[in-house]
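Structure at a glance
Below, each chain spelled out in residue letters.
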Amino acid sequence: MQDNRPSWDDYFMEIATVVATRSTCLRRQVGAVVVKDRRILATGYNGAPAGLRHCLEVGCLRENMGVPSGEKHELCRGLHAEQNAVIQAALHGVSMAGSTVYSTHKPCSLCAKILINAGVTDIVYGSGYADKLADEMLKEAGINVSCHAP
């Protein structure tokens, strides 16, 4: 009998892709899933903080100001998917130490710093994101980073 089940990486990346569909960002939909011992600890997608109007309602601040992708992250109403996943874990008292983050996109330098301090040991991403500082910090921290494109 042949086993046609998806690999664990395929499985969790597919879940991250579904999580991204909840995104309210007008520029890029990103989803993240935090996994330890093949169990989902938390998920996150990019969008405005809970209870605030999101970009689908008020428009994109970054677009209106002409801010290029990858620059001036603070000029945005939204949080990144990885940030929201860490916040969800913290809200529910779940440690991320020793976990793997599956993300539809490679983390930026802000998210890289947060994931390092959260104790993440592995990051699996689907699409690249040009952020040399993030790459350098993740390497220095000894975090295993790999691309698992669909």
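Residues numbered from 1 in each chain as written. Predicted model: local features only at pLDDT ≥ 70, side-chain atom pairs only at ≥ 80, totals over all residues. Heavy atoms only, no water.

Some details on the overall build of the protein
Test applied: Secondary structure elements follow DSSP: runs of H or I no shorter than four residues count as helices, runs of E no shorter than two count as strands, and numbering proceeds from the N terminus. As a reference, a globule follows 2.2 Å times the number of residues to the power 0.38, and the radius of gyration itself is taken over C-alpha atoms. Each residue is placed in one exposure class: buried if its accessible area under a 1.4 Å probe, protein chains only, is under 20% of its type's maximum, exposed if it is over 50%, and partly exposed if it falls in between. Here the accessible surface of atoms and residues is derived via Shrake-Rupley with a 1.4 Å probe, and residues count as covered only by protein chains that are part of the display. Under this rule, positive means Lys or Arg and negative means Asp or Glu; His and the chain ends count for nothing. Here the site of a charge means atom NZ of a Lys, CZ of an Arg, CG of an Asp or CD of a Glu.
The helix and strand inventory of the protein stands at six helices and five strands. Taken against the 2.2 N^0.38 rule, which gives 15 Å for 150 residues, the C-alpha radius of gyration of the protein at 15 Å falls within 12% of a compact globule. Each of the three principal axes of the protein carries a C-alpha extent, and together these read 55 × 35 × 30 Å. Looking at the protein residue by residue over its 150 residues, the buried ones come to 37%. Summed over its atoms, the accessible surface of the protein is roughly 8,700 Å², and 52% of this surface lies on carbon and sulfur atoms. Side chains of the protein give 15 positive and 15 negative charges; the mean places of these two sets differ by 4 Å.

Comments concerning the sheet that holds strand β1 (residues 31–36)
Just so we agree on the cut-off: Pairs of strands are assigned from DSSP output, requiring at least two bridges between the strands. Axes here refer to lines fitted to C-alpha atoms; in helices the fit is confined to the stretch in contact. Angles between the N-to-C directions go from 0 to 180 degrees.
Spatially, the five strands line up as an open sheet ordered β2-β1-β3-β4-β5, and their pairing is mixed. Both outer strands of the open sheet, β2 (39–45) and β5 (144–147), are each paired with one neighbouring strand and no more. Within this sheet the neighbouring strands show an average axis-to-axis angle of 20°, counted without direction.

Focus: the side chain of T104
Operational definition: Note on contacts: a residue pair qualifies if any of its non-hydrogen atoms lie within 4.5 Å across the two residues.
With respect to the helices, strands and loops of the structure, T104 is situated in strand β3 (residues 100–105). The contact partners of T104, leaving out residues within four places of it in the chain, are M13, A16, T17, A20, Q29, V30, G31, G126 and S127.

Quick word on the packing of helix α4 (residues 81–91) against helix α5 (residues 109–117)
Put simply, the rule is: Roughly parallel means an angle under 35 degrees; roughly antiparallel means over 145; roughly perpendicular covers 65 to 115; every other angle is labelled oblique. Here is the rule for handedness: rotate from the far helix to the near one, and if that takes an anticlockwise turn smaller than a right angle the crossing is left-handed, while a clockwise turn gives right-handed. Note on residue categories: nonpolar means Ala, Val, Leu, Ile, Met, Phe, Trp, Tyr, Cys or Pro, charged means Asp, Glu, Lys or Arg, and polar means any other residue, Gly included.
Their axes nearest at 9 Å, the elements α4 and α5 cross at an angle of 25°. As the angle between them shows, α4 and α5 are arranged roughly parallel. In this structure, α4 meets α5 at a crossing whose hand is left-handed. Of the residues in α5, those touching α4 at E82, Q83 and V86 are L110, C111, I114 and L115. Per-class residue counts for the contact of α4 with α5 are five nonpolar, one polar and one charged.

Digging into the pairing of β2
In the sheet, β1 pairs with β2 via six bridges, with the strands oriented antiparallel. Paired with V33 across the strands is T43, a residue of β2. If you look at the hairpin formed by β1 and β2, you'll find two residues sitting between the two strands, and D37 has a positive phi there, around 55°.

Here's the deal with the environment of I114
Examined against the element boundaries, I114 turns out to sit in helix α5. Contact partners of I114, with chain neighbours within four places excluded, come to Q83 and V86.

Side note on the packing of aromatic side chains
Applicable threshold: In this analysis, rings of Phe, Tyr and Trp, with Trp reduced to its six-membered ring, are considered paired at centre separations within 6.5 Å, and the interplanar angle assigns stacked below 30 degrees, edge-to-face beyond 60, and tilted for intermediate values.
Evaluated as defined, the whole model comprises four aromatic pairs. Judged by centre distance (5.8 Å) and plane angle (85°), the rings of W8 and Y11 are edge-to-face. Here the residue W8 and the residue Y11 both occupy positions in helix α1 (residues 8–20), the gap between them amounting to three residues, near one helical turn. The interplanar angle of 20° and the centroid separation of 5.7 Å between the aromatic rings of W8 and F12 together place this pair among those described as stacked. Highlighted residues: W8 and F12, both in helix α1, separated by four residues, approximately one helical turn. For W8, a relative accessible area of 37% gives the class partly exposed. Residue F12 is classed as buried on the basis of its relative accessible area, which comes to 2%. What links up through ring pairs into an aromatic cluster is the set W8, Y11, F12 and Y102.

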